[in-house]
Amino acid sequence: MPTIVHPFFTEFRTETRAMREALAATESGRFDRVVFLAYGEGDFVRQETLAPGVEVRRIALKTVKGPRIFQRAVQFLFWTRAVGRSSSDLSPALVHAHSLASLPASVSLANRARVPLVYDAHELETERNVWPWPVRMIAKRVEAALMPSVDAVLSVAGRIVDHYRQSYPSSTRRYLLVRNFPMRRWRPVDRPSPMRAALGIPEDDVVFLYLGAQGPNRGVETILEVFQSAPPGRHAVFMGRGPLEGLIREAAAKSPSIHLLPPVKGEDVLTWAAGADVGLALFQGDALSHYYALPNKVLEATSAGLPVITSDFPEMRDFLTEHGAGWFVQPTASSLEELLEGLSDDDIRSRRLKSVDSVPCWETESQQLIALYDELLARS
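Keep in mind it's a predicted model, so treat the numbers as computed, not measured. (Residues numbered from 1 in each chain as written. Predicted model: local features only at pLDDT ≥ 70, side-chain atom pairs only at ≥ 80, totals over all residues. Heavy atoms only, no water.)

Q: Any details on unusual backbone geometry? Residues and values, ideally.
A: A positive phi is found at Phe-12, a non-glycine position, where the angle reads about 55 degrees. The phi angle at Arg-114 is positive, at roughly 55 degrees, despite the residue not being glycine. Assignment of secondary structure puts Arg-114 in the loop between helix H4 (103–113) and strand S6 (117–121). Overall, Arg-114 belongs to the exposed group, its relative accessible area being 77%. (Helix = DSSP H or I, 4+ residues; strand = E, 2+ residues; numbered from the N terminus. Buried < 20%, exposed > 50% of the residue type's maximum accessible area, 1.4 Å probe, protein only.)

This is the structure in structure tokens:
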């Protein structure tokens, strides 16, 4: 059976979407091996088995003297070259690129092996949140130059898929929406959540949960501003890590209404989340990738049965309206505060999903990914 190779310019530590895709491929019975090509720095495991038939190989980055941006550029070029030369060793039947950073290496590998290439744009890659406009312009030119080698584009939100289809029209390239729902087997069925016990929060108090990366323009500062003066019985819990973790930790030390938890394993996220009452996803509209986002924190919260307070952005609004599970605000402290003041505890608990059976799961969402793989292999 064939092998799929996933180049991914990360150290590959907590790449949940990529792992779900790998498991979907091997569990389908159509592929016997999935290999991730990542990188390693310092003390790292060069080769690691992640699941039956799934492994990661980390390419050691060269040590380079000079400014950090120069070091990173040289390391990126070295990694890209090493991935491109791995075709004879791995003999892939299909290459699945993750994000724009991995696309040059993936194009090289797919061209050498003469196999189909899938471009998994985890978000709107050339409109990323923290990139200044000169970087975005360079990214757009690189992406446009490489797109003729791409056989299929995936993304996690419908409007991002539409953006790629309109930006790079093609009669042969496939464009596919594959949302990042958690696995059904991870849903918290008859499993008590350890969250409240871990934080000492009474059962009658209301918990608002922020899941995932604690980065800029994701509403972290807004939530902290509102909850530092929250009334007794209402709590903001942050579960994850990121560059703003120190800011959250500092706020938690000053306020009994703010709490910080470390990330947990992917299969445990929903069980922990089920201990909350409301999810939070207050993305800022500073980049198109955020405006079009349907983030993991929304899909994970609803899969745990929680309603979600989100920015009034189209993908999040459409999804939560469909499931009757949310409120929408402008991503500002004043808008969030006004909404919370108008919601009683009973209002909040009444919005909790009575059943999550209507929320899609990865096992069904991934079927179209496997069908795409089959189509590309048949075409090649």
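Q: Please set out the environment of Arg-30 residue by residue, giving values where relevant.
A: With respect to the secondary-structure elements, Arg-30 resides in the loop between helix H1 (16–27) and strand S2 (33–40). With 28 residues separating them along the chain, Arg-30 and Pro-2 place their C-alpha atoms 7.5 Å apart. Once residues within four sequence positions are removed from consideration, Arg-30 is found in contact with Met-1, Pro-2, Ala-25, Ile-370 and Asp-374. Polar side-chain contacts of Arg-30 include one of 2.7 Å to the side chain of Asp-374. (Contact = heavy atoms within 4.5 Å. Polar contact = N/O pair within 3.5 Å; in protein donor to acceptor, adjacent residues only side chain to side chain.)

Q: Explain the sheet that holds S6 to me, using residue names and the numbers behind them.
A: In a beta sheet, neighbouring strands are held together by backbone hydrogen bonds and run either parallel or antiparallel to one another. Across the sheet, eight strands lie side by side as S3-S4-S2-S1-S5-S6-S7-S8; this open sheet has mixed pairing. Edge strands, defined here as strands with exactly one partner in the open sheet, are strand S3 (47–51) and strand S8 (174–177). In this sheet, neighbouring strand axes are inclined to one another by 20 degrees on average, regardless of whether the strands run parallel or antiparallel. Direction of pairing for S3 relative to strand S4 (residues 54–60): antiparallel, over a ladder of four bridges. Its bridge partner lying in S4, Glu-48 is registered against Val-56. (Pairing = 2+ DSSP bridges. Axes fitted to C-alpha atoms, helices over the stretch in contact; angles between N-to-C directions.)

Q: Just give me the short version of the pairing of S8, but keep the residues and values in it.
A: The two faces of the sheet receive side chains in turn, since in a regular strand these alternate between them. Taken together, the four bridges between strand S7 (residues 152–155) and S8 define a ladder with parallel strand orientation. Bridging across to S8, Ala-152 finds its partner in Arg-174. For the crossover from S7 across helix H6 (residues 158–167) to S8, the handedness is right-handed. (Right-handed = clockwise from strand over helix to strand, strands pointing away.)

Spatial relationships are all this shows, so hold off on functional conclusions.
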